[in-house]
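# Coordinate inspection notes
For reference, the chains in residue letters:
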Amino acid sequence: MLPGATVGLLFGVWLFQQQPRLWSLGIWLGWLGVLSASWLICRFPEHFRVQSYQSSFRKLFLILLVAVMGFAWSQMRAWYRLQSQLPSACEQQVIPVQGVIVSVPERDARGQHVDFAIERSFKADCPMPKRVRLHLYNQSYRGESVKASSVFPTLQAGERWQWSVRLKRPHGTRNPHGFDYAAWCLSNNIGASGAIVSKTPMRRLQRLVWQPSALIAYWRATVGHRIEKVLGITPQSAVLRALVIGDDSQIARADWQLFVDTGINHLVSISGLHITMLASMGYLFIGWIWRLRPRLALRIPSRLAAGAGGALVAITYSALAGFSIPTERTLLMLLTMIAMLSLKQRLPFSWVLSAAVWVVLVLDPWAVMAPGFWLSFGAVAILAFAMSGRLRPARWWQSALQTQWVITLAFVPVLILLFNQLSLVSPLANGFAIPVVSLAIVPLAIAGAILPLDFSLHLAATLWEWCAHGLLWLRQLPGAVCYLSTPPIWAWLLAMAGMLVWLMPRGWPLRWAGLLLWLPLLLMPGQVALQPGQMRVTVLDVGQGLSVLVQTAHHSMLYDAGPAYNEESDAGQRIVLPYLRHLGVSYLDTVVISHDDNDHSGGMASVLAGVSAGELLSSLTPASDFFKQIQGLPTPPILRQQPCYQGQQWQWDNISFRMLSPAKNENSDVKDNDKSCVLQIKSSHGSLLLTGDIEKEAERWLLESSPDQLATTVMTMPHHGSKTSSNIGFVNATRPAIAIATVGYLNRFGHPKPEVISRYEAIGTISLRSDNDGAILIDFLSGQVPEVKRWRQIEPHYWEL
């Protein structure tokens, strides 16, 4: 019954993580009543006339009981962890603290970033979380220098510091099919994030703290420094750092995209595969030593010694990764399986796998939210299913090929659901990359990084360089990568059933027909079709910035693409592009960059690197950073470019688009904000006004030049609700039913300003905010009132309350 109980545990833990809030006592009492009734049916079946089903009822009762226990355990753990987060009243306060750096510092153009274990807070009314994420900025998000970087100390792992911090509770952007930063913080036990206040004293109290977490961080940093010292700062050293110490922060964005496109991104980190491979090497090596020394086997059985050797290798390698949460899950799974397999009594493999699931979920109930959990356990389960029941064992090379083929085909539905991507060259890429990386590069890199063996590091770097050339060649093949929209759940379940049929042994009737069940998954349209005259608008939550997708029956337009966060990350790559792929949008008829400001243009180059576009409208000058970013792409996009100006208009599917600002021959002295492309979109079911960052001067000009064009149903607040915009005359002229402020959580500008919100509310306008509401989806489908959906309401989570 262990596998059945494991299904109950999985369901209970997973179900809890979908809850919008923690359950109250009343709900728990209701469930207690359900359990009591179920127990009575199992205990006295004759009273309920179910004697013939008694065995089935007992099994169902056990599964239900375990599910409720898993749910209750998860809620208890979640309640305790949420209590340890930063209190809301302490957000944005300057708080002196003392603690230890327990991660390898990450450094980029904006500053330094570390995980900090707080030992002491000097503000008694603000209890601090045990672990926070801190940033020491020397550059603002706009690229402006905050303070000369030479003035700041270089933070090192394992140091004890005393400084002042300004913190926020975990809060991230919330978009359909997007990354949930708050959930990530919860699962990684990070109770707050924020900045070190550089204007206050920063005192290094101790260079190396003798605590396990500090010593491990120091060891990892030392190993990473040795790799850089031997190889220099190169693409090869960045990958070897990721493989040896789990620090992938130095891998360039273009290289990451190569790994994703070829389907080997799971290899370029300390993955479960590498830990398992190294543990297997340790197992075989110790077993070989024991066979050479029979006396040792008389004292300790060889299987037990080999298992201990494999476990020790796995623990050591996991320590090099800093015992990150994904690594801990893999380690727990592996140690449980080693322990179960080392028992004298031979157990069914399903029991061994089930025991590993229990250990992982009891210690980490948030594991079910990580794709890696399902991929790891799913891979093991699928291989066990596919390889069992065979009449004769295959040769080793046949087994290796079959394993690769099974995993590749079996995970096609999963990867489409999670990542909207299908890499057609992945089987070939993984076929040569897995043995080269796991069996050669990783052992060589570890040996060279820990021991004074420079040649080993050079050899690992050379092997990786050859491997990268092979990956680059594969990606250049026609049709190497394709992107598919997120399928409906019924199509995905049908494809998974087809996969199981296909994995049956040879001779199974109509085994090949299982692949036909994949057709709905591969051929489903990307979204519900719109009719002419209808439009769908998505105001994405990109933090302090703006990005709006407008879709009509047969066309799509993107207005801005949010900010660039640093040299390797921006909203286009992290938010906009995944959303477009989720919808199945592969072509944008028009993209608009309202003006030359990072929080509007910073992500557009990444979007254009991922989808094709026909036309670019903007108020940018040739000297804009955007054009430099475009030319730096591996394949610069080819699209028509023209400036936006008043009077431009076009029509798509009975939807009219009209540019209201700036003037055609705008004075060069005008502020960038006032050059924003202001676009009016009208349908028979309502209108939308996109205002960019215009300020009072541009608003005054619009009131003079287009007074009859300003009235609208929905609008984005000019300049995110800044006090420099939304003057009373402009608000009264637009009179929107809904006004949206696209702002970052507790942003340093204080947007939107309370007095601006008051102006809109005074005329009956509903004010929405992306930091509170997440992405805002607006459907202009019928009537004169659009349907508005707020993503945080559609998908609420208990950790956001």
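The structure under discussion appears in the preceding block.
Let me sum up the structure you'll find in this document. Being a predicted model, the structure only gives us computed values, none of them experimental.

## Looking at the sheet that holds strand β12 (residues 556-559)
Sheet architecture is open: eight strands sit in the order β17-β16-β15-β12-β11-β10-β25-β26, paired in mixed fashion. Edge positions in the sheet fall to β17 (640-643) and β26 (787-790), since each has one partner strand and no second. The sheet shows a mean angle of 15° between the axes of neighbouring strands, taken without regard to direction. Where strand β15 (residues 587-593) and strand β16 (residues 612-618) come together, six bridges link them in parallel fashion. The residue of β16 that forms the bridge with L588 is A613.

## Considering helix α5 (residues 212-231)
Given a rise of 1.5 Å per residue, 20 residues ought to cover 28 Å, and the 29 Å separating the end C-alpha atoms of α5 matches this to within 8%. For α5, the complete set of buried residues consists of A214, A217, R220, A221, V223, G224, I227, E228, V230 and L231. At its buried positions, α5 is contacted by β1 (94-101), α6 (235-245), α10 (302-320), α16 (426-450) and α17 (454-475). After α5 finishes, the residue G232 shows a positive phi value of roughly 80°.

## Regarding the pairing of strand β19 (residues 655-661)
Buried residues dominate β19, accounting for five of its seven residues. Relative to β19, strand β18 (residues 649-652) is paired through four bridges, and the arrangement is antiparallel. When the sheet's bridge partners are listed, Q651 is paired in β19 with S656. Relative to strand β20 (residues 678-683), β19 runs antiparallel, the two sharing five bridges. Directly across from S656, in β20, lies its bridge partner K682.

## Re the pattern of salt bridges
Within the structure shown, the criterion is met by 25 salt bridges. With a closest N to O distance of 3.9 Å, R174 and E795 form a salt bridge. Note that R174 is positioned in the loop between β5 (160-168) and α4 (181-187) and E795 in the segment after α28 (791-794), a separation of 621 residues in sequence. Note on R174: relative accessible area 4%, which makes it buried. Because the salt bridges share partners, they merge into one network encompassing R174, D180, R792, E795 and E800.

## Section: the nonpolar core
By size, the foremost hydrophobic cluster in this structure holds 46 residues, and its most contacted members are I227, L240, V244, F259, I264, I441 and W464. Elements that contribute at least two residues to this core include exactly α5, α6, α7 (253-261), α8 (272-292), α10, α11 (325-341), α16 and α17. The biggest single contributor to this core is α16, with nine residues. Aside from chain neighbours lying at most four places away, what touches I227 is G232, S237, L240, R241, V244, A449 and L457. Core analysis: the next-biggest nonpolar cluster, separate from the first, contains 32 residues, L540, L583, I593 and V611 among them.

## Here's the deal with a nonpolar patch on the surface
A cluster of nonpolar side chains, L510, W512, L516, L519, L522 and L523, forms an exposed patch at the surface whose accessible area comes to about 650 Å². For W512, a relative accessible area of 58% gives the class exposed.

## Description of the pairing of strand β4 (residues 131-137)
Most of β4 is tucked away: five of the seven residues are buried. The pairing of β4 with strand β6 (residues 192-196) spans four bridges and is parallel. Looking at the pairing, R133 lines up with S193 of β6.

## Notes on the packing of aromatic side chains
As enumerated under the stated definition, the model contains 17 aromatic pairs in all. Ring geometry for W650 against F657: centres 5.2 Å apart, planes inclined by 5°, an arrangement best described as stacked. You'll find W650 and F657 in the same group, each marked buried. Linked through ring pairs, F16, W23, F71, Y798 and W799 together constitute an aromatic cluster. One residue, R581, lies across the ring of Y483, its end atom 3.6 Å from the ring centre.

Each value, and the rule that gives it
- Residues numbered from 1 in each chain as written.
- Predicted model: local features only at pLDDT ≥ 70, side-chain atom pairs only at ≥ 80, totals over all residues.
- Heavy atoms only, no water.
- Pairing = 2+ DSSP bridges.
- Helix = DSSP H or I, 4+ residues; strand = E, 2+ residues; numbered from the N terminus.
- Axes fitted to C-alpha atoms, helices over the stretch in contact; angles between N-to-C directions.
- Expected span 1.5 Å × (residues − 1).
- Buried < 20%, exposed > 50% of the residue type's maximum accessible area, 1.4 Å probe, protein only.
- Contact = heavy atoms within 4.5 Å.
- Salt bridge = Lys/Arg side-chain N within 4 Å of Asp/Glu carboxyl O.
- Core = buried A, V, L, I, M, F, W, Y, C linked by side-chain atoms within 4.5 Å.
- Patch = residues over 30% accessible without salt bridge, like charges linked within 9 Å, V, L, I, M, F, W, Y side chains within 5 Å.
- Areas by Shrake-Rupley, 256 points an atom, 1.4 Å probe, with all protein chains shown as cover.
- Phe/Tyr/Trp six-rings, centres within 6.5 Å; stacked < 30°, edge-to-face > 60°.
- Lys NZ or Arg CZ within 6 Å of the ring centre and 35° of its normal.

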